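As a plain string of letters, each chain reads:
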Amino acid sequence: MQTFDRLKIVTVIDAIDVVNESVFAKTLVSGSVVSMKYYREMPSKLMIKIDYAGREVVMEFSGKILGHNYPHLISMTNIEECFRNIESLGFCRFDMDLLMRSEVVSCDVTKDVQCSDVRKVQSYIRSHISNYNKYVCRALKNGNIVLEKNVTTRKNKKRMTVYDKEQEMRKSDNIRYMRTNGLTDEFVGKCRFEINLNSKEQIRSALHIGDTNLVTVLTSDANPVVEFMEEAVICDEKQRMCSDWKAYQRYLVLKDCGFDLEKVEAKVRSLYRRGTKISEVVRPYREAYSQLMTEGEDTYFSEILAMLR
C-alpha cells in the first residue's frame, strides 16, 4: 500500500459545494468571478482552487490534515478521512464519489522507518552513490540530504529527500500541532524517505501504473523508494568507512577477491616475486577481513532497506 505526505488532485467542479465564499480569494473578469482560491500553510498545508471557466477543482493537501492520524500518512485506508477533515473546516462540502474519481497530478511518496542514527544513514547514502555522473546527492543546511537523478528531461527526473522527521517536528511551528493532536512522542527516532513526483508521467513511471486515477495511485503495489535506493545507492554489506587510504586499498582487494582469503593469497603469490614472505604480505588483509567480520555496522543500511520494503 502506498503512503503519501502530499497529494495534488484535479477533479470536476461538481465535486465541491462552497458554503462560505468569504474564505476564498476571488479572481474577477468584467465583474464576474472566474476562479476562487483558498490557501493556508499551517497547521496543515491546504490549497483549493475552483476554476469556473475550466469547470474543474484543483486541491492540494499534506498528511497533517489527518491530525492525530498523521503518523499513518495518506493512504487508501484514510483518504476519505482527509476529505472529511477538510469539510470540517466549514467552508465546503464534497461529493465523495466524484472526488474518488479525481486524477493525481503531483504527490510525495513517503515512508518512515525507525532509525537509531539518521545521520549514519545519510552519510552512507552520500558515500555510496552508484554513479556520480548519473546521481547527485546534496546536503542541505537544515540537515536533510537530497538525492537526485542527474537528467534534463522532466519525465526522467527523480528526487528523494532523506531526513530526521523527529527533528523537523520539534521545530517551533510544529510543536503546537504535535501537542494539539497528541503526537508528542510519535516521531521519535523516525527517518523519513520522500520521493517527489511532480507530473502524471513521473507518477505512472514510479508507481508502475497505467493511469493516475486517485484509487489507482493509492492502491499501487510498487515500492518507488526502495527501487530508487537500489538504483542510486550501492548496498554493500561488507564495506566500511575506511579510516585511511591503505585501509581502503585493502578493502578493494578483499572485495575483488570476493572476501575470500584464499583468493587473496593466490593473487598475492601471482604478483609477488619468488622468495617474498607471503604470510607477511597477506597479514594486513587477514586483519582487515577479521575487522569486517566482527564489526556490526555492515548490515545497518541493509536493515534500513528491509524496513522500507
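Residues numbered from 1 in each chain as written. Predicted model: local features only at pLDDT ≥ 70, side-chain atom pairs only at ≥ 80, totals over all residues. Heavy atoms only, no water.

Draft legend 1. Layout of the packing of aromatic side chains. For the structure shown, the criterion picks out 10 aromatic pairs. Ring plane angle 85° and centroid distance 5.5 Å describe the contact between Phe-24 and Phe-91, whose orientation is recorded as edge-to-face. Of this pair, Phe-24 sits in the loop between strand 2 (16-18) and strand 3 (25-29) while Phe-91 sits in the loop between helix 1 (79-87) and strand 7 (92-94), and the two are 67 residues apart along the sequence. Across the pair, exposure class does not vary: Phe-24 and Phe-91 are buried alike. Counting every residue linked through ring pairs, the aromatic cluster contains Phe-24, Tyr-38 and Phe-91. The residue whose ring lies beneath Lys-165 is Phe-187, and the NZ or CZ to ring-centre distance is 5.8 Å. (Phe/Tyr/Trp six-rings, centres within 6.5 Å; stacked < 30°, edge-to-face > 60°. Helix = DSSP H or I, 4+ residues; strand = E, 2+ residues; numbered from the N terminus. Buried < 20%, exposed > 50% of the residue type's maximum accessible area, 1.4 Å probe, protein only. Lys NZ or Arg CZ within 6 Å of the ring centre and 35° of its normal.)

Draft legend 2. Examining the pattern of salt bridges more closely. Under the criterion given, the structure shown has 22 salt bridges. Here Glu-166 makes a salt bridge to Arg-170, at a shortest N to O gap of 4.0 Å. For Glu-166, a relative accessible area of 25% gives the class partly exposed. Accessibility expressed as a relative area gives 38% for Arg-170, which makes it partly exposed. Here the residues in one salt-bridge network are Arg-6, Lys-45, Glu-60 and Asp-108, joined through shared partners. (Salt bridge = Lys/Arg side-chain N within 4 Å of Asp/Glu carboxyl O.)

Draft legend 3. Representation of the environment of Ile-209 in the model. Inspection of the secondary structure puts Ile-209 in the loop between helix 6 (200-207) and helix 7 (214-218). With relative accessibility at 14%, the residue Ile-209 sits in the buried group. Placed 73 residues apart in sequence, Ile-209 and Val-136 show a C-alpha to C-alpha distance of 27 Å.

Draft legend 4. Structural detail: unusual backbone geometry. Put simply, Met-42 and Pro-43 share a cis peptide bond, and its omega is 0°. Following the sequence through the fold, Pro-43 ends up in the loop between strand 4 (32-40) and strand 5 (46-51). Even without a glycine there, the phi angle at Leu-73 is positive, about 65°. Among the secondary structure elements, Leu-73 is positioned in the loop between strand 6 (56-62) and helix 1. Among the residues examined, Leu-73 registers a relative accessible area of 3% and is labelled buried.

Draft legend 5. Spotlight on the nonpolar core. Counting residues in hydrophobic clusters, the biggest one holds 66 residues, and the most contacted among them are Leu-7, Ile-48, Phe-61, Phe-83, Ile-125, Leu-147 and Phe-193. Setting aside residues no more than four positions away along its own chain, Phe-61 makes contact with Asp-5, Arg-6, Leu-7, Lys-45, Leu-46, Ile-74, Ile-79, Cys-82, Phe-83 and Ile-86. Counting 13 residues, the second-largest nonpolar core is a separate cluster that includes Tyr-251, Phe-259, Val-264 and Ala-288. (Core = buried A, V, L, I, M, F, W, Y, C linked by side-chain atoms within 4.5 Å. Contact = heavy atoms within 4.5 Å.)

Just geometry here; none of it tells us what the structure is for.
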